[in-house]
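# Architecture at a glance
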Amino acid sequence: MEYLVSASEMKQMDENTTMHYGILPAVLMERAALQVVSYITTCITTCKPKDLKVLVVAGTGNNGGDGLAIGRLLMLQGYKVDLVLLGDKTHCSEETKRQLQICYNYKMHMMGKIAEREYDIVIDAIFGIGLNRIVEGIYAEAIEQMNHMTGTKLAVDMPSGIHTDSGLVMGTAVEADVTITFAYKKIGQLLYPGARYCGTLLCKDIGITIDSYLGKRPLMYSYQTDDIDRLPKRNPAGNKGSFGKLLLVAGSVNMSGACILSGLSAYRTGTGLVRIITPQENQAIIQKMLPEAIVMTYDKKSVEDSVNWCDCMAIGPGIGIMEPAQQILEYLMKQIQKPLLIDADGLNILSENRILLQEIKNRPHLIMTPHMAEFSRLLQISVTDLKQDILTYVKRFVKEYGVTLVCKDARTICCTGEQIYVNQSGNDGMATAGSGDVLTGIIAGLLSQHMDCGEAAVLGVYLHGLAGDRALLTNNRYSLIARDIIEQLRYLMSGRTEA
């Protein structure tokens, strides 16, 4: 697991490192500069330093100080370095004033604007993580000029113009080829569009460690490959009933694929038994394509028998929004207290039935998995407005309704209570029909094995993306389909993350 930080959390950790542990800001700044210089000299440089021209564009805050230190270190190694300081130098932070004086001591030339020439490497050190306003004036002009340069663009800590906590573009922003951030990744580097502006994102150690939290952990986190160990433990003496019985309400006339994809995903995730309730018309094709499943049709007795039999339930993939689907959803929500996952059309029913939506406040053990359009309908706002402040809307919804929320997007966000999980696995090849049905099956499969809602949601999202990444190793972004994702689960469930 790795923590992700907001601008305020990072600043607090920075301050704690200095005030509590006594590591001076100048030391941290030098370490940051050394990390960037090390990357440049080992990963970007392909010829002798004297043949390379470097531009450093610095602001007056501490990010500018990082940039000046980088420029000085590169100059001392033989690079041809031009320094540009944007803004009034009398407004520089104390650390940046110190770095500025050091550059003067080394007789480095300081310019007030970017010269009309080309550079091999362009280093952005204008704003860092402190930006909270629209970029205008000389700063906007400089950013646009940098974006039109042909050299490799490297952002120090954060591409200037990207909001650290939301990833939004504040008017204009540097389009970096590489972003080197320090200590911990920032949330705006992972959310889009900020993630695109970062280019390749690298996180480097400068001496700010977990100790700098002083016991107060960040509210956002992400999983890494070793978190696969969180999978439910298997009982060597178990049987199919021991490993969970899942009731899946899915499909409608001519929509049998959702049943098959969700059911097969649940089985591949370790569920012992899957019972599918679906219209009569789907029975034959499901029995042929997924013979491991128990298939029953829509009627009151089938539903009642099935909810008594199962350990957990999932409803929504492909069910439509007609009366039978509405009745079953209402029954599962109001009458049955077993863990329940609501996806797809189940969410669309709730969007149209606001009275039923209010019922989820009274129901424990509930997971909702909307994509952005479905979430916008639940909130009754536009997708555009939703994306402007997605984290706030997610936290607000979870606080009001008390559910585990999985908000699906290029960066899927999971929230249970205060903590927020931001998923980093997955790729754009997974934007294909049936991918969401696969996720439903994975989460429901974990839920059936007695994981709690929050754990099942987070691990399910991570596994889903990781399976998509693994599928890409033997496929491509254009041709990947939902079944390719399912196929990779057999390897991931054994702890293998690479082909």
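So, a few notes on the structure that sits alongside this text. (Residues numbered from 1 in each chain as written. Predicted model: local features only at pLDDT ≥ 70, side-chain atom pairs only at ≥ 80, totals over all residues. Heavy atoms only, no water.)

## Here we look at helix 16 (residues 435-448)
Its 14 residues place the ends of helix 16 20 Å apart at the C-alpha level, agreeing with the 20 Å of an ideal helix rising 1.5 Å per residue. Trailing helix 16 by a residue or two, H450 shows a phi angle of about 75°, which is positive. (Helix = DSSP H or I, 4+ residues; strand = E, 2+ residues; numbered from the N terminus. Expected span 1.5 Å × (residues − 1).)

## With respect to the sheet that holds strand 7 (residues 178-182)
Either a parallel or an antiparallel arrangement is found when strands of a sheet pair, and the pairing is made through backbone hydrogen bonds. Ordered in space as 4-3-2-5-6-7-9, the 7 strands form an open sheet in which the pairing is parallel. Looking at strand neighbours, the two that pair on one side only are strand 4 (110-111) and strand 9 (200-204), the edges of this open sheet. (Pairing = 2+ DSSP bridges.)

## Some details on the sheet that holds strand 19 (residues 419-422)
Taken together, 12 strands build an open sheet; the order of strands is 8-1-10-19-18-17-16-15-14-11-12-13 and the sheet is mixed. Since the sheet does not close on itself, it has two edges, and those belong to strand 8 (185-186) and strand 13 (294-297), each with one partner. For strand 17 (residues 404-407) and strand 18 (residues 413-416), the ladder comprises 3 bridges, and the chain directions are antiparallel. Its bridge partner being in strand 18, L405 is matched across the sheet by C415. Here helix 17 (residues 453-472) sits on the sheet and contacts strand 10 (220-222), strand 16 (366-368), strand 17, strand 18 and strand 19; the angle it forms with strand 17, its principal contact strand, is near 15°. (Contact = heavy atoms within 4.5 Å. Axes fitted to C-alpha atoms, helices over the stretch in contact; angles between N-to-C directions.)

## Side note on unusual backbone geometry
The omega torsion of the bond from Y192 to P193 falls at 10°, within 30 degrees of zero and hence cis. Inspection of the secondary structure assignment puts P193 in the loop between strand 8 and helix 6 (194-198). Its identity as a non-glycine residue notwithstanding, K107 has a phi of 60°, on the positive side. A relative accessible area of 75% means that K107 is categorised as exposed. (Buried < 20%, exposed > 50% of the residue type's maximum accessible area, 1.4 Å probe, protein only.)

## Section: the pairing of strand 5 (residues 121-125)
Judged by how many residues are buried, strand 5 sits mostly within the fold: 5 of 5 residues are covered. Here strand 2 (residues 53-58) pairs with strand 5 via 5 bridges, running parallel. Of the residues in strand 5, the one forming a bridge with L55 is V122. Judged from the 4 bridges that link them, strand 5 and strand 6 (residues 152-156) form a sheet pairing that is parallel. Bridge pairing in strand 6 places I121 opposite T152. Taking the sense of rotation as the criterion, the β-α-β connection linking strand 5, helix 5 (residues 137-147) and strand 6 turns out right-handed. (Right-handed = clockwise from strand over helix to strand, strands pointing away.)

## Comments concerning the side chain of T297
For T297, the location among the structural elements is in strand 13. Sequence-distant contacts of T297, that is, excluding residues within four places in its chain, are made with I277, T278, P279, Q280, Q283 and S302.

## So, the pairing of strand 13
The two faces of a sheet get side chains in turn, since along a regular strand they alternate between them. A one-sided burial pattern is seen for strand 13, the buried positions being V295 and T297 and the unburied ones I294 and M296. Two elements, strand 12 (residues 273-278) and strand 13, share 4 bridges in a ladder whose sense is parallel. When the sheet's bridge partners are listed, I277 is paired in strand 13 with M296. Tracing the backbone out of strand 12, into helix 8 (residues 283-289) and back to the parallel element strand 13 gives a crossover that is right-handed.

## Quick look at the nonpolar core
Of all hydrophobic cores here, the largest spans 100 residues; its most connected members are I40, L74, I123 and L154. Tallying contributions element by element places helix 17 first for this core, with 12 residues. The contact partners of L154, leaving out residues within four places of it in the chain, are V36, Y39, I40, I44, V122, I123, D124, V178 and I180. Counting residues in hydrophobic clusters, the runner-up holds 50 residues, among them M220, I319, L340 and L391. (Core = buried A, V, L, I, M, F, W, Y, C linked by side-chain atoms within 4.5 Å.)

## Topic: the environment of C203
Locating C203 in the fold gives a position in strand 9. Here C203 falls in the partly exposed class, since its relative accessible area comes to 34%. It is 34 Å that separates the C-alpha atoms of C203 and E374, two residues lying 171 residues apart in sequence. Discounting residues that sit within four places of it in the chain, C203 has contacts with T181, F182, A183, Y184 and K185.

## Quick look at the environment of N63
Position of N63 among the secondary structure elements: in helix 3 (residues 62-76). Given the relative accessible area of 7%, N63 is considered buried. Counting along the chain gives 408 residues from N63 to A471, while the straight-line C-alpha distance between them is 39 Å. Apart from the residues lying within four places of it in its own chain, the contact partners of N63 are D124, A125, I126, F127, G128, V156 and D157. Of note is the side chain of N63, whose polar atom sits 2.9 Å from the backbone oxygen of V156. (Polar contact = N/O pair within 3.5 Å; in protein donor to acceptor, adjacent residues only side chain to side chain.)

## Things to note about the side chain of T45
Topologically, T45 is positioned in the loop between helix 2 (25-44) and strand 2. Among the polar contacts listed, one links the side chain of T45 to the side chain of Y79, at a separation of 2.8 Å. Sequence-distant contacts of T45, defined by excluding residues within four places in its chain, comprise I40, L52 and Y79.

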